[in-house]
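A closer look at the structure
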Protein chains: 2
Amino acid sequence: MKIQRTPTLRRMPTYLHKLYLMRQEGKTYASCTDLAKYMNIDLIVTRKDIAMTGLAGHRHYGYKIDELIDAILRYIGWAQTLPATLIGAGALGSALLGYTDFTTYNLRIESVFDINPAKIGTQIHGHTVQDMAAIEERLRNAPPKIAILCVSNTAAQQVADTVIKLGIRYIWNFANVCLTVPENVIVQREVIAGGFAVLAAKIKAAESGGMTAEE
Amino acid sequence: MKIQRTPTLRRMPTYLHKLYLMRQEGKTYASCTDLAKYMNIDLIVTRKDIAMTGLAGHRHYGYKIDELIDAILRYIGWAQTLPATLIGAGALGSALLGYTDFTTYNLRIESVFDINPAKIGTQIHGHTVQDMAAIEERLRNAPPKIAILCVSNTAAQQVADTVIKLGIRYIWNFANVCLTVPENVIVQREVIAGGFAVLAAKIKAAESGGMTAEE
């Protein structure tokens, strides 16, 4: 079984971001040096990351930008459209709905649900917030692939149970709890504090000298 | 130079979360098995993570919860309070201000700034939003350690330049751009799409069989 390294995967959207920018600027080729410089990381890290996509570079020219974008999208699994429902239209949910780059990554948020009567029926970044009480009726016939959970810690497990019952197998969980799910369900838990842990470790390293974090 | 692994650092807040829960339940000892089960990851991963803290376990009992919490906080660099200013009180900024766990992690958001007149003077989770135009005057004498940037991609570099001029050396950047900063400034860039890349890779793996992601 081949293991994909999480840090490599996490860097891929940033490489893509830079490649799209370069393409917009009319460039045809990109090198690992371009990407490493943009991210301010070691060239060797970027070389290893890009090697994971299996794409061969062109001597002296680097990679064809179009080919590299395709290779990264295939590597991540973003070559197919990933339809999703977003549950919880609070501050974080709203922020995600406004995140325009998701379209680039083939994440398509098709529906938004909330329990708050003040929010139901309102529009957030072009999405109409629907009543959570109606989720089974609305999604039963054609459940999306992914459920994005932006609900409170206390509600998260119950909401997960609901979407799993609807046949959704992939959950992107922003609540600060680990969910209990059947074996065939995959949860990606987003821990905002995780990035803060990396920053704190970098601060500690900078102030004590010596130790440093990987990224 | 000792390298701290980013995935290990990213898991630490979740271990802490579980340890606080167990302490609340009146427990005194925790084992790696408890933590691994909670996160639904391999025991060996948790064993390696906890070993990084340098704390010795008690045979048959596991780790004293109080000692393990302290060891993790020290390992990450969360033993000291980290004062911060948050810039950009939009949806994402508001979500971060409402994230109660930050207090646990010794992140203290002391001030909030925005350019939007409709937001200046309003309260968000107990913080009064101040006028960005006044940031130099307000923070000049005692700049906090960290600036949290929740501003637009187009504003991010200018805001970074402003806080760096004030003497802030650590930036937690949620904008989707890589910042250009002097060598003595450390930027931790938070890429929401990074977690989505990990999820997409897991979906691809689950649907094709075989390959899997690390986390």
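A quick note: this is a predicted structure, and the numbers were derived from the prediction, not measured.

**Some thoughts on the sheet that holds strand S10 (residues 186-189) of chain A**
- Taken in spatial order, the seven strands of this open sheet run S6-S7-S5-S4-S8-S9-S10 (chain A), and their pairing is mixed. Edge positions in the sheet fall to strand S6 (123-124) and S10 of chain A, since each of these pairs with one other strand and no more.
- Bridge count for strand S4 (residues 82-87) of chain A against strand S8 (residues 146-149) of chain A is four bridges, and the pairing is parallel. By the bridge assignment for S8(A), Leu86(A) is matched with Ile148(A).
- In this fold helix H8 (residues 153-165) of chain A packs onto S4, S8 and strand S9 (170-173) of chain A, with an angle of close to 165° to the strand it touches most, S8(A).
- Each of S4, strand S5 (107-114), S8, S9 and S10 of chain A is contacted by helix H9 (residues 192-208) of chain B, which is oriented at about 165° to S9(A), the strand it contacts most.

**Concerning the sheet that holds strand S4 (residues 82-87) of chain B**
Residue and element names in this part refer to chain B.
- Spatial strand order, S6-S7-S5-S4-S8-S9-S10: seven strands in an open sheet with mixed pairing. The open sheet is flanked by strand S6 (123-124) and strand S10 (186-189), the only strands paired with a single partner.
- The strands touched by helix H8 (residues 153-165) are S4, strand S8 (146-149) and strand S9 (170-173); relative to S8, the strand with the most contacts, the crossing angle is about 165°.

**Side note on the side chain of Glu190(B)**
- Position of Glu190(B) relative to the elements: it lies in the loop between S10 and H9.
- Only 2.8 Å separates the side chain of Glu190(B) from the side chain of Trp172(B), close enough to count as a polar contact.
- When sequence neighbours within four positions are dropped, the list of residues in contact with Glu190(B) reads Ile192(A), Gly195(A), Arg10(B), Trp172(B), Asn173(B) and Phe174(B).

**Quick word on the nonpolar core**
- Formed by 160 residues in total, the largest nonpolar core has its most connected members in Trp78(A), Ile146(A), Ile148(A), Trp78(B), Ile146(B) and Ile148(B).
- Residues within four places of Trp78(B) in sequence aside, it is in contact with Ala193(A), Phe196(A), Ala197(A), Ala200(A), Pro13(B), Leu16(B), Leu73(B), Tyr105(B) and Asn106(B).

**Digging into empty space enclosed by the protein**
- Applying the stated criterion to the full structure yields two cavities of 30 Å³ or more.
- Of the pockets and cavities examined, the second largest cavity occupies roughly 30 Å³.
- The wall of the second largest cavity is formed by Tyr99(A), Phe174(B), Ala175(B), Asn176(B), Arg189(B), Glu190(B), Val191(B) and Ile192(B).
- When its residues are assigned to classes, the lining of the second largest cavity shows five nonpolar, one polar and two charged.

**A closer look at the interface of chain B and chain A**
- Of the residues lining the interface, 68 residues belong to chain B; the matching set on chain A comes to 68 residues.
- It is Arg10(B), Ile192(B) and Phe196(B) in chain B that bury the most area against chain A; as a group they hold 11% of the surface buried on that side.
- Along the contact surface separating chain B from chain A lie two salt bridges.
- Lys145(B) is the salt-bridge partner of Glu207(A), the closest N and O atoms lying 2.9 Å from each other.
- Counting the contacts that link chain B with chain A gives 18 residue pairs in polar contact (both at pLDDT 80 or more).

**A few points about the domain arrangement of chain A**
Residues and elements named next belong to chain A.
- Here chain A is described as being made up of domain 1 (6-76) and domain 2 (82-193).
- One C-alpha centre belongs to domain 1, the other to domain 2; they are set 31 Å apart.
- Between domain 1 and domain 2, the contact holds five residues from the first and five residues from the second.
- Carbon and sulfur atoms supply 49% of the area buried between domain 1 and domain 2, which totals about 380 Å² over both sides.
- Viewed at the interface, domain 2 and domain 1 are joined by one salt bridge.
- A salt bridge links Arg10 to Glu190; the shortest N-O distance between them is 3.7 Å.
- The tally of links from domain 1 across to domain 2 stands at one residue pair in polar contact (both at pLDDT 80 or more).
- Grouping the constituent residues of the side of domain 1 that touches domain 2 by class yields three nonpolar, one polar and one charged.

Criteria and thresholds
Numbers given for residues are sequential positions, taken from 1 along each chain in its written order. Here every chain gets a letter starting at A, and every ligand a number starting at 1, in the order they are written. Totals for whole chains, interfaces and linings use all residues, but because this is a predicted model, local features are given only for residues with pLDDT of at least 70 and pairs of side-chain atoms are given and counted only at 80 or more. The basis for every side-chain value is the complete set of non-hydrogen atoms in the structure, without hydrogens or water. Following DSSP output, two strands are said to pair if at least two bridges run between them. Helix and strand definitions here come from DSSP, where helices need a minimum of 4 consecutive H or I residues and strands a minimum of 2 consecutive E residues; each element is numbered from the N-terminal end. The contact criterion used is simple: two residues touch if any of their non-hydrogen atoms lie within 4.5 Å. Inter-axis angles, ranging from 0 to 180 degrees, are taken between N-to-C directions of lines fitted to C-alpha atoms, where helices are fitted over the stretch in contact. Whenever two N or O atoms come within 3.5 Å, that pair is a polar contact, provided that in protein one can donate a hydrogen and the other can accept it, and provided that, for residues adjacent in sequence, both atoms are side-chain atoms. Definition used in this section: a nonpolar core is a set of buried Ala, Val, Leu, Ile, Met, Phe, Trp, Tyr and Cys residues joined via side-chain atoms within 4.5 Å. Throughout, exposure labels follow a simple rule: accessible area from a 1.4 Å probe, protein chains only, divided by the maximum for the residue type, with under 20% read as buried, over 50% as exposed, and the rest as partly exposed. Using only the protein atoms, space was sampled on a 1 Å grid; points where a 1.4 Å probe fits but cannot get out form cavities, open sets with protein on both sides within 12 Å along at least five of seven lines form pockets, and lining residues are those with an atom within 4 Å of a point. Grid points are joined across faces, edges and corners, and a volume is the space filled by probe spheres set on the points. Gly counts as polar in this scheme, as do all residues outside two lists: the nonpolar Ala, Val, Leu, Ile, Met, Phe, Trp, Tyr, Cys and Pro, and the charged Asp, Glu, Lys and Arg. Two parts placed together each lose some accessible area under a 1.4 Å probe, and the buried area is that loss summed for both. The rule for a salt bridge is simple: a side-chain nitrogen of Lys or Arg has to be within 4 Å of a carboxyl oxygen of Asp or Glu. Domain start and stop points were drawn from an automatic or database domain assignment.

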